[in-house]
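Reading the structure
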Amino acid sequence: QDKNVALRISTWVPAQQPLNPTLQAWADDIKKQSGGTLTFTLFPAEQLGKAFDHYDMARDGIADITWVNPGYQPGRFPIIGAAQLPLYISNAKAGSAAINEWYQQYAATEMKDVQFCMAFTSDPAGMHSRKKIVLPTDVKGMKIRPANAMLAQFVTTLGGTNVQASAPELRDLLERGVADSVMFPWGSVVLFGLDKVAKYHIDFPMFAAPTVLVMNKEKYKSLSVNQKKAIDDHCTSTWAEKVATPWADFEAAGKPKVAAQAGHEIVEMTPEQVQIWRTAAQPVEAAWAEGVKKVGGDPKQILDSLKKTLAKYKSAL
Amino acid sequence: MAETDLIAILGFVSLFALMLLRVPVGMAMGLVGITGYSMIVGPGPALKLVGQTSMRTVTEYTFGVIPMFMLMGAVVSVSGLGRELFKAANSMIGHVRGGLGVATVLACGGFAAICGSSVATAATFSTVAYPEMRRAGYPQSFSAGVIAAGGSLGAMLPPSTVLAVYAVLTQQDVGKLFMAGILPGILAMILYVITIFLIVLIKPKWLPHSEPRAWRERLADLSNVWAPITLFLFVIGGLYGGFFTPTEAGGVGASGALILGVLRRKLNIAKIREALLSATRTAAAVFTVLIGALMFGYFLTITQTPQKITVFLTSLGIGSYGVLILILLMYLVLGCLMDAMAMIILTVPIIYPVITQLGFDPIWFGVIVVMTVELGLIHPPVGMIVFVIKSVVQDVSFTTIFKGVLPFVATDIVRLAILISFPAIALYLPSLVR
Amino acid sequence: MKNNFSDRFINAIESLAAIFVGLVALNIFLNVLLRKIFSTSIPDSYDFGRMLLGILIFWGIAATSYRGGHITVDLVWTAATPRIRRAIDIFATLVLLFVVIVQTTMLFDKVRGTYNDRVLTYDMNIPTWPFYAVAWAGDVCAVLLIAIRTWRLMFNPESLEHGTESSESQENHG
Ligand code: NA
Ligand code: NA
């Protein structure tokens, strides 16, 4: 008989965000497989620590399992940065399975202080602005809240400036002109009321925010073989897709809500325009490659593998 | 009882013991929080939490709103704006029986509109208004009482550091909370003035009156208030006009007060240094409590204490207003022990879930709780504002001050009842923003 | 003289903290000005702002700890006899010293982590650890100053009578 272990899961989004119930269901399924010996308490909404600290929290055992956005800490996790590069991922469902499969090769090196579980991504999205943006040149002189550090570099490259703020502050910042534009998935645009201020939307999968689920190493090691297997069986590409799906659906549901309102302009991109954005993103890719080389990685291998895996899951842009 | 509950109770008991032994409130909370956390999770994670929480708290950009409004208040205090406001108000209404008291309330209100701290407001008018009232023959107790009451406006009218801290703790909008304080602040001024006139009615000889001044002089004195009005319009107007964020409003307000003071030759290097130092010390003291409170908060989170307290309070069967009154009574008791800021930081993380669970409006509760803790600053036996007045005005005894304060304490309780009955007084203005 | 030295030391620390609070205000002021007039912003002004805030707070904590300016509950202390007061004061500073030593140690761990993990600023990609290190140095000063204060309280209480407790602690917390 395995001994009972109680585990704390920590996330940084509000309790009603669909990821929280999804993670609860994921945990319940592990509990079932472990014969009830593994129990979980979910602490949403930064109750155990700030969003930025979630990797450290798992490493240090402040929580046992945490949900991490590696893009919050520029420079710290360069390899997974490949999945933050603009214009690679077309959808969050199969795309999450792809990113998980791809990143499993590097996780043990890049996130060596923790027991890596799986990676999955937010719904790829575009920008929501007070002024119309169509092409990269429109970004020049604009103040933009990027989705993560990689996109912050993109903004800088295009001659814009970055605004850092948490999601609840964004509406205020747009109203006060502190920010002109926000990179945000559709559902969250509606959730945080940004559609009241931002009337122009470019709608193409410009960026995705890959996130990871990690576990405290000691805690994992202390588990029995059966318990470890219960966890491992829930850290798979299938589960990555399963966990990402309700979240992606929630985000996707935001677009028709915005489109139904008067006074909004949704700009769709032609393939030529997408190509222009892609060319504009080249310097960011080059800078990313430099960063990877610095930690001894092989940028070409990493990027090729990402492209190949995305293609395999029909999630490449 | 579960083991975690026992640890939580032990935590509260040792927290109070340490605080009564004069261990700084923040350090006591941190020590107890981390010790409790390590008993439940383990010493390793608990220690890591110390470094992480300390660093994260002090480098949180939005927390910058706290020192910035403190700096603005400190600059305003050293640049003599309080004296000008009082002179103008006194010039207009000082000749009426009780008019000096009314002038003090009005000037406190004006000062409160550019200074975020009630203690600083009270300290300023202890030096500015108290000597004038005494010279005019006002009794010590009344003079001190009206300053204590007027001082409490500092935390109610925007800007307000206590409301800003409440906003930070509950992740509510600072701008909305500031706006929510305006009407209750004005209501307070009206009620204080009514109280003064009631005192005049009951004891006509108690408060003498002086000769009215020539209109030319009155207008000259009045024209001096352009500086504080400009500053207020600039900061609060800029905040609601959509020019800057609350943190920026604080920074811009502090810079504006500095520029204004230098241009009007009211500030020199020594005074600027004094203001910067005062803001640094206050900010450091408040952040120490914030860090400690967050550590204590994590301890409470893993013991799930707030949820348990919520369940307990709602199971009492006294209704939501019963629970509210119970909570406010607790604040009045705590007000006998500690400073407003410490009280807010210590209790809000525990009480806030209860309040939202009961369906009360978080913005409204912010105003209510700040009113209640401010009341704690003036009611006997201990009160920070009373201490400050006493330290500036050495010749008065505590008993005398508290005697003078009592009518205003009664007024505040009436105001609290009005605000609980008519939440719209606090919520109307914020509802206009969005 | 030893006294003179630690007084100058504490003055220097306070001045540094005061300069940092001024810098935070200046950073915000300039940023708003640039945004409103030139529609641009200081690169990394957000990261600078928050890291300067951290520096100012830890250096401020050093000064505040020495001056006895922390927020305390004085109910028992006020009612106590001078002998008991002194005992309470010594106990409280010893606890303060202990807590700040633990905090400083763990903050060092955090600074080291920031260095090892190569965390950068958002716009200019400058390493953030030096800022954290300067903030940490403030906490080191806090330990030194609290140690001096504890020593003075225990063996030389007269030296703390004026210029600290009474005249300096009337700050405007509320
Ligand atoms: Na105020
Ligand atoms: Na009191």
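Rules behind the numbers
Residues numbered from 1 in each chain as written. Chains lettered and ligands numbered in written order. Predicted model: local features only at pLDDT ≥ 70, side-chain atom pairs only at ≥ 80, totals over all residues. Heavy atoms only, no water. Helix = DSSP H or I, 4+ residues; strand = E, 2+ residues; numbered from the N terminus. Rg over C-alpha atoms; globule rule 2.2 N^0.38 Å. Buried < 20%, exposed > 50% of the residue type's maximum accessible area, 1.4 Å probe, protein only. Areas by Shrake-Rupley, 256 points an atom, 1.4 Å probe, with all protein chains shown as cover. Lys, Arg positive; Asp, Glu negative; His and termini not counted. Charge placed at Lys NZ, Arg CZ, Asp CG, Glu CD. Contact = heavy atoms within 4.5 Å. Donors = N, O, S within 2.8 Å, 3.2 Å for Na, K, Ca; no water. Domains from an automatic or database assignment. Buried area = accessible area lost by both parts, 1.4 Å probe. Salt bridge = Lys/Arg side-chain N within 4 Å of Asp/Glu carboxyl O. Disulfide = S-S within 2.5 Å. Phe/Tyr/Trp six-rings, centres within 6.5 Å; stacked < 30°, edge-to-face > 60°. Lys NZ or Arg CZ within 6 Å of the ring centre and 35° of its normal. Pairing = 2+ DSSP bridges. Axes fitted to C-alpha atoms, helices over the stretch in contact; angles between N-to-C directions. pLDDT = per-residue confidence, 0-100. Polar contact = N/O pair within 3.5 Å; in protein donor to acceptor, adjacent residues only side chain to side chain. Nonpolar A, V, L, I, M, F, W, Y, C, P; charged D, E, K, R; others polar.

In terms of helices and strands, chain A carries 13 helices and 11 strands. In terms of C-alpha radius of gyration, chain A reaches 19 Å, essentially the compact-globule figure of 20 Å for 317 residues. Along the first, second and third principal axes, the C-alpha set of chain A runs to 65 × 40 × 30 Å. Sorting the 317 residues of chain A into buried and exposed places 61% on the buried side. On chain A, roughly 11600 Å² of surface is accessible, and the fraction owed to carbon and sulfur atoms is 55%. Across chain A, 35 positive and 32 negative side-chain charges occur, with their mean positions spaced 1 Å apart.

Below, the discussion takes up the overall build of chain B. Looking only at helices and strands, chain B features 22 helices and zero strands. Relative to the globule expectation of 22 Å for 434 residues, the C-alpha radius of gyration of chain B, 22 Å, shows essentially globular dimensions. For chain B, the C-alpha atoms occupy an extent of roughly 75 × 45 × 45 Å along the three principal directions. Expressed as a percentage of its 434 residues, the buried residues of chain B come to 62%. For chain B, the proportion of contacts with a sequence separation of at least 24, taken over those separated by at least 6, is 79%.

All right, on to the coordination of the sodium ion (ligand 1) then. The textbook angles at a metal center are 109.5 degrees for a tetrahedron of four donors and 90 or 180 degrees for an octahedron of six. All names here are of chain B. Protein ligation of the sodium ion (ligand 1) involves Ala112 (O), Cys115 (O), Gly154 (O), Leu157 (O) and Pro159 (O), the donor distances falling in the range 2.2 to 2.5 Å. Positions of the donor residues of the sodium ion (ligand 1), expressed as sequence spacing, correspond to A-x2-C-x38-G-x2-L-x1-P. On the criterion of sequence distance, the pair formed by Cys115 in the loop between α6 (99–112) and α7 (118–135) and Pro159 in the loop between α9 (153–156) and α10 (161–170) is long-range, its members being 44 residues apart.

Residues and elements named next belong to chain B. Each assigned domain of chain B is listed with its residue range as follows: domain 1 (1–59 + 284–302) and domain 2 (60–267 + 303–431). On a C-alpha basis, the centroid separation for the pair domain 1 and domain 2 is 30 Å. The interface is formed by 24 residues belonging to domain 1 together with 20 residues belonging to domain 2. Around 1700 Å² of area is buried between domain 1 and domain 2 when both sides are counted, 78% of it from carbon and sulfur atoms. Broken down residue by residue, the surface that domain 1 buries against domain 2 is led by Val286, Leu290 and Leu300, which jointly contribute 29%. Remark: the boundary between domain 1 and domain 2 carries one salt bridge. Between Lys308 and Asp5 there is a salt bridge, and its shortest N-O distance comes to 2.6 Å.

A few words now on unusual backbone geometry. Excluding glycine, residues mostly carry a negative phi; peptide bonds, for their part, are mostly trans. Residues and elements named next belong to chain B. Following Pro158, the chain continues to Pro159 via a peptide bond in cis, the omega torsion being -5°. Within the chain, Gln171 stands out as a residue other than glycine whose phi angle is a positive 55°. Looking at the element boundaries, Gln171 is found in the loop between α10 and α11 (174–202).

On to the state of the cysteines. Residue and element names in this part refer to chain A. Within the structure shown, the criterion is met by one disulfide over all chains. In this model, Cys117 is linked to Cys235 through a disulfide, with the two sulfur atoms separated by 2.1 Å. Here the S-S torsion is close to -100°, and the disulfide linking Cys117 with Cys235 is therefore left-handed. On the criterion of sequence distance, the pair formed by Cys117 in strand β4 (residues 114–121) and Cys235 in the loop between α8 (225–232) and α9 (237–252) is long-range, its members being 118 residues apart. Accessibility expressed as a relative area gives 6% for Cys117, which makes it buried.

For any pair of aromatic rings, the description consists of the separation of the ring centres together with the inter-plane angle of the planes. In total, this model carries 33 aromatic pairs over all chains according to the counting rule given. One aromatic cluster in this structure is built from Trp12, Phe52, Trp67, Tyr72, Phe120 and Trp247 of chain A. The aromatic ring of Trp215 of chain B is capped on one face by Arg218 of chain B, whose charged end is 4.2 Å from the ring centroid.

Side chains that differ in charge, positive against negative, can pair when their charged atoms come close. Here the structure, examined in full by the defined rule, presents 39 salt bridges over all chains. The shortest N-O distance in the salt bridge between Lys93 of chain A and Asp249 of chain A comes to 2.7 Å. With Lys93 of chain A in helix α3 (residues 93–110) and Asp249 of chain A in helix α9, this residue pair connects regions lying 156 residues apart in the sequence. Exposure remark for Lys93 of chain A: the relative accessible area of 30% places this residue in the partly exposed category. Classification of Asp249 of chain A as partly exposed rests on a relative accessible area of 38%. Salt bridges sharing partners connect three or more residues here, namely Asp53, Asp56, Arg59, Asp60 and Arg76 of chain A, Lys48 and Arg56 of chain B together with Asp109, Lys110, Arg112 and Asp117 of chain C.

Turning our attention to the sheet that holds strand β1 (residues 5–10) of chain A. Neighbouring strands of a sheet are bound in pairs by backbone hydrogen bonds; such pairs are parallel or else antiparallel. Residues and elements named next belong to chain A. The five strands are arranged β2-β1-β3-β10-β4 in an open sheet whose pairing can be described as mixed. Looking at strand neighbours, the two that pair on one side only are β2 (38–43) and β4, the edges of this open sheet. Averaged over neighbouring strand pairs, the angle between their axes works out to 20° when direction is ignored. Inspection of the sheet shows β4 paired to strand β10 (residues 210–216) by seven bridges, in the antiparallel sense. What sits directly across from Gln115, in β10, is Met215.

Moving on, we get to the confidence of the model for chain B. Confidence in the prediction of chain B, expressed as mean pLDDT, is 92, and 99% of residues score 70 or more. This prediction of the complex comes with two scores: 0.93 for pTM and 0.93 for ipTM.

It is worth spelling out the interface of chain B and chain C at this point. If you look at the interface, chain B gives 69 residues, while chain C gives 60 residues. The junction of chain B with chain C conceals about 5800 Å² of combined surface from both sides, 71% of it contributed by carbon and sulfur atoms. Contact with chain C buries area across many residues of chain B, yet Arg22, Tyr61 and Arg281 of chain B alone supply 15% of it, more than any other trio. Applying the counting criterion to the chain B and chain C interface returns five salt bridges. Here Arg35 of chain C and Glu248 of chain B are joined by a salt bridge, their closest N and O atoms 2.9 Å apart. Across the contact surface, chain B and chain C share 11 residue pairs in polar contact (both at pLDDT 80 or more). In terms of residue count, the dominant contributor to the side of chain B that touches chain C is helix α15 (residues 269–303) of chain B (15 residues). Of the residues assigned to the side of chain B that touches chain C, the class counts are 42 nonpolar, 18 polar and nine charged.

Moving on, we get to the side chain of Asp117 of chain C. Here Asp117 of chain C lies in the loop between α4 (82–116) and α5 (129–155). For Asp117 of chain C, a relative accessible area of 14% puts it in the buried group. Here the side chain of Asp117 of chain C touches Arg76 of chain A through a polar contact of 2.8 Å, side chain to side chain. Among residues more than four places away in sequence, those in contact with Asp117 of chain C are Arg59, Gly75 and Arg76 of chain A.

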